[in-house]
Amino acid sequence: MIMTTEQIAKLCKEKEQELLDKYFGNLIKEAAHECPETIGEYEKELPLKIEAEYKGYLLGIWKEIAPGQACILEEQKLRKYMTDDDREGIEQAYKDATEQTLWERMTQTNHKDVTYYKGLLKEYTQELLTCARLDFLEEITGKHILN
């Protein structure tokens, strides 16, 4: 099956959105209606799990368009694009979301910290997926796989 770079980029973006929807759902609705007091399944490693799933998808596309050729996604290079501020921000937000003060427990107000943390985690994940897509598309065009 022959695809253009634009078609592949569109498939990648659709997969990114699918993964974000799958793992994060509608955080705004959740924050407004459920007001969760704990982070639940949203551990700090979640972005890396989602990134790994996405890379598996990208490698599947690669096998279709360039069978027998090696695809090298530069994982460490991708993470350098993410600023230390992002990671530090997530670390602090995680701490705030997981460590409830007595006042937060009494007033049921930790959901503000939880919502902020989940939003940062989603944003960071989105950045990771975007970098992976750009690296993948660069690999395709750099090896002249597609026109």
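Computed from a predicted model, the values in this text were never measured in an experiment. Residue numbering note: each chain is counted from 1, following its sequence as written. Local features in a predicted model are, by the rule used here, given only for residues with pLDDT of at least 70; side-chain atom pairs are given and counted only at 80 or more, and totals for whole chains, interfaces and linings are based on all residues. Computation of side-chain values covers all heavy atoms of the structure but excludes hydrogens and water.

Helix and strand counts for the chain come out as seven helices and zero strands. Where helices and strands are cited, they refer to DSSP runs of H or I of at least four residues and of E of at least two residues respectively, numbered from the N terminus. Taken from the N to the C terminus, the helices and strands of the chain come in the order α-α-α-α-α-α-α. Between buried and exposed lies partly exposed: a residue is buried under 20% and exposed over 50% of the maximum accessible area for its type, with that area taken using a 1.4 Å probe on protein chains only. Counting across all 147 residues of the chain, residues that qualify as buried make up 41%. Counting contacts in the chain only where the partners sit at least 6 residues apart, residues at least 24 apart contribute 82% of the total. For the chain, the exposed area adds up to about 9,000 Å²; of that, 54% sits on carbon and sulfur atoms. By the convention used here, residues are in contact when the closest approach between their heavy atoms is within 4.5 Å. Using a 1.4 Å probe, the Shrake-Rupley method yields the accessible areas, and only the shown protein chains count as cover for residues.

Moving on to the packing of helix α2 (residues 27–34) against helix α7 (residues 111–142). A pair of packed helices is characterised by two quantities: the angle between their axes and the separation of those axes. Fitted lines through C-alpha atoms serve as axes, helices being fitted only where they are in contact, and the angles separating the N-to-C directions of these axes extend from 0 to 180 degrees. Packing of α2 against α7 leaves a shortest axis separation of 11 Å and a crossing angle of 175 degrees. Taken together, the axes of α2 and α7 are roughly antiparallel relative to one another. Taking contact as the criterion, the partners of L27, E30 and A31 in α2 are, on α7, T115, K118, G119 and K122. Looking at side-chain class alone, the contact of α2 with α7 contains two nonpolar, two polar and three charged residues. Note that the term roughly parallel is reserved for angles under 35 degrees, roughly antiparallel for angles over 145, roughly perpendicular for angles of 65 to 115, and oblique for everything else. Polarity classes work like this: nonpolar for Ala, Val, Leu, Ile, Met, Phe, Trp, Tyr, Cys and Pro, charged for Asp, Glu, Lys and Arg, and polar for all others, with Gly in that last group.

In this section: the pattern of salt bridges. Each salt bridge in this description consists of a side-chain nitrogen of Lys or Arg and a carboxyl oxygen of Asp or Glu lying within 4 Å of one another. Summed over all chains, the structure comprises seven salt bridges. Note that K15 is salt-bridged to E18, the shortest N-O span being 3.1 Å. Of the two residues, K15 and E18 both sit in helix α1 (residues 5–24), three residues apart, roughly one turn of that helix. For K15, a relative accessible area of 14% translates into the label buried. Among the salt bridges present, the one from E30 reaches K118, with a minimum N-O distance of 2.7 Å.

Before going further, it helps to examine the nonpolar core. Generally speaking, nonpolar side chains in soluble globular proteins are found buried as a group. Ranked by internal contacts, the top residues of the largest apolar core, which has 36 residues, are I8, F24, Y42, Y117 and F136. Among the secondary structure elements, those contributing two or more residues to this core are α1, α3 (46–65), α5 (84–98) and α7. Ranked by the residues each element gives to this core, the list is headed by α7, at 11 residues. The residues touching Y42, leaving out its near neighbours within four places in the chain, are Y23, F24, L27, E30, Y117, K118 and L121. Only buried residues count toward a nonpolar core, which is a set of Ala, Val, Leu, Ile, Met, Phe, Trp, Tyr and Cys residues joined through side-chain atoms within 4.5 Å.

What follows is about unusual backbone geometry. Positive phi outside glycine occurs at C35, with the angle close to 50 degrees. Tracing the sequence through the fold places C35 in the loop between α2 and α3. We note that Q108 has phi near 55 degrees; this positive angle belongs to a residue other than glycine. Relative to the assigned elements, Q108 resides in the loop between α6 (102–107) and α7.

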